[in-house]
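Structural features, examined
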Amino acid sequence: MITDPYFYAVAIPAVFLMGLAKGGFLGSLGGFSVPIMALAISPVEAAAIMLPILIVMDLIGVYAYRREFDPVNLRILLPAAVIGVGIGWATAAIVTESHVRLIVGVVGLVFSLDYWIKLHRRTESAKGPNVLKGSFWGVVAGFTSFVSHAGSAPFQVYMLPQRLPNAVFVATSVMFFTTVNLVKVIPYAALGQFSLANMSTMAVLLPLAPIATLIGVWLTRRIPQEPFYRIAYACLLLISLKLIWDAVSALL
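Cut-off values and rules
Each residue is numbered by its place in its chain's sequence as written, counting from 1. Where totals are concerned, whole chains, interfaces and linings use all residues; where local detail is concerned, this predicted model gives features only for residues with pLDDT of at least 70, and gives and counts side-chain atom pairs only at 80 or more. Each side-chain value is worked out from all heavy atoms of the structure, with water and hydrogens disregarded. Strands are runs of DSSP state E lasting at least 2 residues, helices are runs of H or I lasting at least 4, and numbering of each runs from the N terminus. Only C-alpha atoms enter the radius of gyration, while the globule expectation follows 2.2 Å times N to the 0.38, with N the number of residues. Note on aromatic pairs: the rings of Phe, Tyr and Trp (six-membered ring only in Trp) are paired at centre separations within 6.5 Å, and the planes decide the class, stacked below 30 degrees, edge-to-face beyond 60, tilted for the rest. The classification of residues rests on relative accessible area computed with a 1.4 Å probe and restricted to protein chains. Under 20% of the type maximum is buried, over 50% is exposed, and intermediate values are partly exposed. Placement of a charge over a ring requires the Lys NZ or Arg CZ to be within 6 Å of the ring centre, with the centre-to-atom vector within 35 degrees of the ring normal. Helix span, expected: 1.5 Å multiplied by one less than the number of residues in the helix. In this analysis the local bend is the angle between axes fitted, respectively, to the seven residues ending at and the seven residues starting at the residue. Like-charged residues within 9 Å of one another, or nonpolar side chains (Val, Leu, Ile, Met, Phe, Trp, Tyr) within 5 Å, are grouped into patches, provided each residue has over 30% relative accessible area and no salt bridge. In these tables, accessible area is a Shrake-Rupley quantity obtained with a 1.4 Å probe, and a residue counts as shielded only by the protein chains included in the view. One speaks of a salt bridge when a side-chain nitrogen belonging to Lys or Arg is within 4 Å of a carboxyl oxygen belonging to Asp or Glu. Two residues qualify as a contact provided that any one of their heavy atoms is within 4.5 Å of a heavy atom in the partner residue. Residues belong to one nonpolar core when they are buried, are Ala, Val, Leu, Ile, Met, Phe, Trp, Tyr or Cys, and are joined through side-chain atoms within 4.5 Å. Charge assignment in this entry is limited to Lys and Arg as positive and Asp and Glu as negative, and neither His nor the chain termini are counted. Nitrogen and oxygen atoms within 3.5 Å of one another constitute a polar contact, given that in protein one can donate a hydrogen and the other can accept it, and given that sequence-neighbouring residues count only through two side-chain atoms. In this analysis an axis means a line fitted to C-alpha atoms, helices contributing only their contacting stretch, and an angle means the value between N-to-C directions, from 0 to 180 degrees. Crossing handedness follows the turn of the near helix against the far one: under a right angle anticlockwise gives a left-handed crossing, and clockwise gives a right-handed one. Think of it as three bins: nonpolar holds Ala, Val, Leu, Ile, Met, Phe, Trp, Tyr, Cys and Pro, charged holds Asp, Glu, Lys and Arg, and polar takes everything else, Gly as well.

It is worth spelling out the overall build of the chain at this point. Along the chain, the regular secondary structure elements total eleven helices and zero strands. Starting at the N terminus, the α and β elements of the chain follow one another as α-α-α-α-α-α-α-α-α-α-α. For 252 residues, the compact-globule estimate of 2.2 N^0.38 gives 18 Å, and the C-alpha radius of gyration of the chain, at 17 Å, lies within 12% of that figure. Taking the principal axes of the C-alpha coordinates as reference, the chain spans close to 50 × 40 × 30 Å.

And the structure:
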């Protein structure tokens, strides 16, 4: 088990942020968890420690939002995401995390800037589900989620333009990532990421999961829709800049 106090100084806030995001509050914040933990340990080790915690948070979210998700979008996204996870597994020894972070960061940056520019020009009408777009972004979300739990930005690129009610958007996100994270268990185990040290460390952090997730659920149901989307896009912008900075720094 990891005993370094510095690790827990960064890991506890990271897990709490992820719990708030899994509860639906500022969902993009969850993307900071692995980068924050990577300040103290390797990103691969951080991702392995986070996966079981994510699954516990997911299950709490499933119960909280079990009646509000959008089945049409899930039928489009999930098969594609499973393919994305498979691609991540098959290319685990080839594609570096820095490259993936750079791709995700650029996509999120362009998308979030596009939102803010359009917001000041006109009110954009809501878009409906789209099989072609949903399948593409589903594959991307599955792949990036497998590599570094960074599937939030691709998911939002597809989902946010639909401007669904808060609870429906969050519920669909919860159902999507619950399924994706459960699918990831087998390849993660096959790659040997569930070591005794990692799982012991995960057990220490696990009690934070239900507390933070339930707080996130409570906050989500009390935030009006328009501010919710503006905050979500703002967080997506910050996360994208962070991912780009980390990737470029590592590659250089």
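Now that the structure has been shown, we can carry on.
Turning our eyes to something else, we now look at the packing of aromatic side chains. For the structure on display, the rule yields eight aromatic pairs. On the numbers, 4.8 Å between centres and 75° between planes, the contact of Phe136 with Trp137 is edge-to-face. Measuring from centroid to centroid gives 6.1 Å for Phe155 and Phe169, while their planes differ by 50°, and the two rings are tilted. Highlighted residues: Phe155 in helix 7 (residues 152-159) and Phe169 in helix 8 (residues 166-190), separated in sequence by 14 residues. For Phe169, a relative accessible area of 6% gives the class buried. The rings of Phe155, Phe169, Phe176 and Phe177 are connected pair by pair, giving a single aromatic cluster. Seen from the ring of Tyr63, Arg66 lies directly overhead, with NZ or CZ sitting 4.2 Å from the centre.

Below, the discussion takes up helix 8. Owing to its 3.6 residues per turn, the α-helix aligns residues three or four sequence positions apart on the same side. The first and last C-alpha atoms of helix 8 sit 37 Å apart over 25 residues, in line with the 36 Å expected at 1.5 Å per residue. A maximum bend of about 30° is found in helix 8 at Lys184, where proline Pro187 lies one to four positions downstream. One or two steps after helix 8, the chain reaches Gly192, where phi turns positive at roughly 75°.

On the surface, a nonpolar cluster with roughly 230 Å² of combined accessible area is contributed by Phe16, Ile211 and Ile215. Along the chain, the position of Ile211 falls in helix 10 (residues 208-220).

So, about the environment of Val104. Along the chain, Val104 falls in helix 5 (residues 97-121). Its relative accessible area of 3% is what places Val104 among the buried residues. For the pair Val104 and Ile244, spaced 140 residues apart in sequence, the C-alpha separation works out to 8.1 Å. In contact with Val104, not counting residues within four places along its chain, are Thr144, Ala150, Ala153, Pro154 and Leu243.

Further remarks concern the nonpolar core. Judged by nonpolar contacts, the single largest core of 43 residues is most densely connected at Tyr65, Phe155, Met159, Phe169 and Phe176. Of all elements in the fold, only helix 3 (43-64), helix 4 (71-90), helix 5, helix 6 (131-148), helix 7, helix 8 and helix 11 (225-251) reach the threshold of two or more residues within this core. Of the residues forming this core, the biggest block, ten residues, is contributed by helix 8. Not counting residues within four places of it along the chain, the set of residues in contact with Tyr65 comprises Gly23, Gly24, Ala167, Val170, Ala171, Val174, Met175, Val217, Thr220 and Arg221.

Applying the stated rule across the entire model yields one salt bridge. Lys242 is the partner of Asp246 in a salt bridge, and the nearest nitrogen-oxygen pair spans 3.2 Å. Here the residue Asp246 and the residue Lys242 both occupy positions in helix 11, the gap between them amounting to four residues, near one helical turn.

Here we come to unusual backbone geometry. Positioned with a positive phi, Arg163 is a non-glycine residue whose angle comes to about 50°. One can find Arg163 in the loop between helix 7 and helix 8. With a relative accessible area of 26%, Arg163 lands in the partly exposed category.

A separate point is the side chain of Asp70. If you trace the backbone, Asp70 turns up in the loop between helix 3 and helix 4. No salt bridge forms around the buried Asp70; measuring N to O, its nearest opposite-charge neighbour Arg75 is 6.7 Å away. Within polar-contact distance, the side chain of Asp70 engages the side chain of Asn73 at 2.8 Å.

The interhelical angle for the contact between helix 3 and helix 8, taken along N-to-C directions, is 145°, at an axis separation of 9 Å. Considering the relative orientation of helix 3 and helix 8, their crossing is left-handed. Where helix 3 abuts helix 8, its residues Ala47, Ala48, Leu51, Leu54, Ile55, Asp58, Leu59, Gly61 and Val62 lie against Val174, Met175, Phe177, Thr178, Asn181, Leu182, Lys184, Val185 and Tyr188. Residue composition of the contact of helix 3 with helix 8, grouped by class: 13 nonpolar, three polar and two charged.

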